[in-house]
Amino acid sequence: MHIEEWLETVPAVSVYLLVGLVIGLESLGIPLPGEIVLVSATLLAASQDHINPYILGASAIAGAVIGDSIGYLIGRKGGQPLLDWLGRKFPKHFSAEHVATAERSFQKWGMWAVFIGRFIALLRIFAGPLAGVLRMPYWKFLIANVSGGIVWAGGTTAVIYSVGKVAEDWLKRFSWLGLVLALLFGLGSMLVMKWRSKKTKPVPAAATGSETAEPEPVPAGD
């Protein structure tokens, strides 16, 4: 089965659920490639008409907001012991240095750390749990969480989908464009070769109007 035909058989609902689930789990605090999944699914939507980009973007936003909120509640209940457990479970992402950096960002920027953290891979998995551990007021967290989720997930979907549609339209014309370019290249190469062959062709001596004179003997000295 051709790849295009296989992609058409992928249920749109499964794509929406996968995107929402992965982004939700990442926002909850589990290191997963949420951004990569969102970009890949959006490019798929650009080439497959049965996947609605608006529903895809809404699924991503819902996953981001719900996941962050659950992470906040877990962090508020678990406190510092939760961060210690995450550090042992995911030392690459929740090391003491990473936690300290995230805490400084939250203490300095407050709500903006939650909003901006949505666009930074490291802070994206920290935002919910750490905001709960630091006991940020939930209404502040919710405003930053929802606005950040809409701008990040909705904006990423819109930009990647637009770029994907342009690329898809160009690729559909690629076979014709390639054929035209190949013909032009072949014709140009032939003309250049003919021109160079004429330029380098030897000219007969008679055509120059004179023959090469033999050198006169040099008289020997006394």
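Check the entry above for the structure.
Keep in mind that this is a model prediction, so the values were computed, not measured. Per chain, residues are indexed from 1 in the order of the written sequence. Per-residue local features of the predicted model are confined to residues with pLDDT of at least 70, and side-chain atom pairs are confined, for both listing and counting, to 80 or more; whole-chain, interface and lining totals are unaffected and use all residues. Excluded from the side-chain calculation are hydrogens and water; included are all heavy atoms of the structure.

Enquirer: Can you walk me through the overall build of the protein in this structure?
Expert: Put simply, DSSP marks the helices as runs of H or I at least four residues long and the strands as runs of E at least two long, and each gets a number from the N terminus on. Tallying secondary structure elements over the protein gives 10 helices and zero strands in all. Mapped in sequence order, the helices and strands of the protein form the string α-α-α-α-α-α-α-α-α-α. Restricting the contact set of the protein to residue pairs at least 6 apart, pairs at least 24 apart contribute 79%. Roughly 14300 Å² of accessible area belongs to the protein as shown, and the carbon and sulfur atoms make up 70% of that amount. When checking whether two residues touch, look at their non-hydrogen atoms; a contact exists if any pair is within 4.5 Å. Here the accessible surface of atoms and residues is derived via Shrake-Rupley with a 1.4 Å probe, and residues count as covered only by protein chains that are part of the display.

Enquirer: Help me understand the pattern of salt bridges, please; the structure alone is not making it clear to me.
Expert: Side chains bearing opposite charge may pair, as long as their charged atoms lie close to each other. Salt bridge criterion: a side-chain nitrogen from Lys or Arg within 4 Å of a carboxyl oxygen from Asp or Glu. Under the criterion given, the structure shown has three salt bridges. Note that Glu35 is salt-bridged to Arg124, the shortest N-O span being 3.7 Å. Here Arg124 lies in helix 8 (residues 121-133) and Glu35 lies in helix 3 (residues 34-47), a separation of 89 residues in the sequence. Only protein chains enter the accessibility calculation, which uses a 1.4 Å probe. A residue is then buried if its area is under 20% of the maximum for its type, exposed if over 50%, and partly exposed in between. The exposure class assigned to Glu35 is partly exposed, which follows from its relative accessible area of 31%. The closest approach of N and O atoms between Arg118 and Asp68, which form a salt bridge, is 2.9 Å. Of this pair, Arg118 sits in the loop between helix 7 (111-117) and helix 8 while Asp68 sits in helix 4 (residues 53-78), and the two are 50 residues apart along the sequence.

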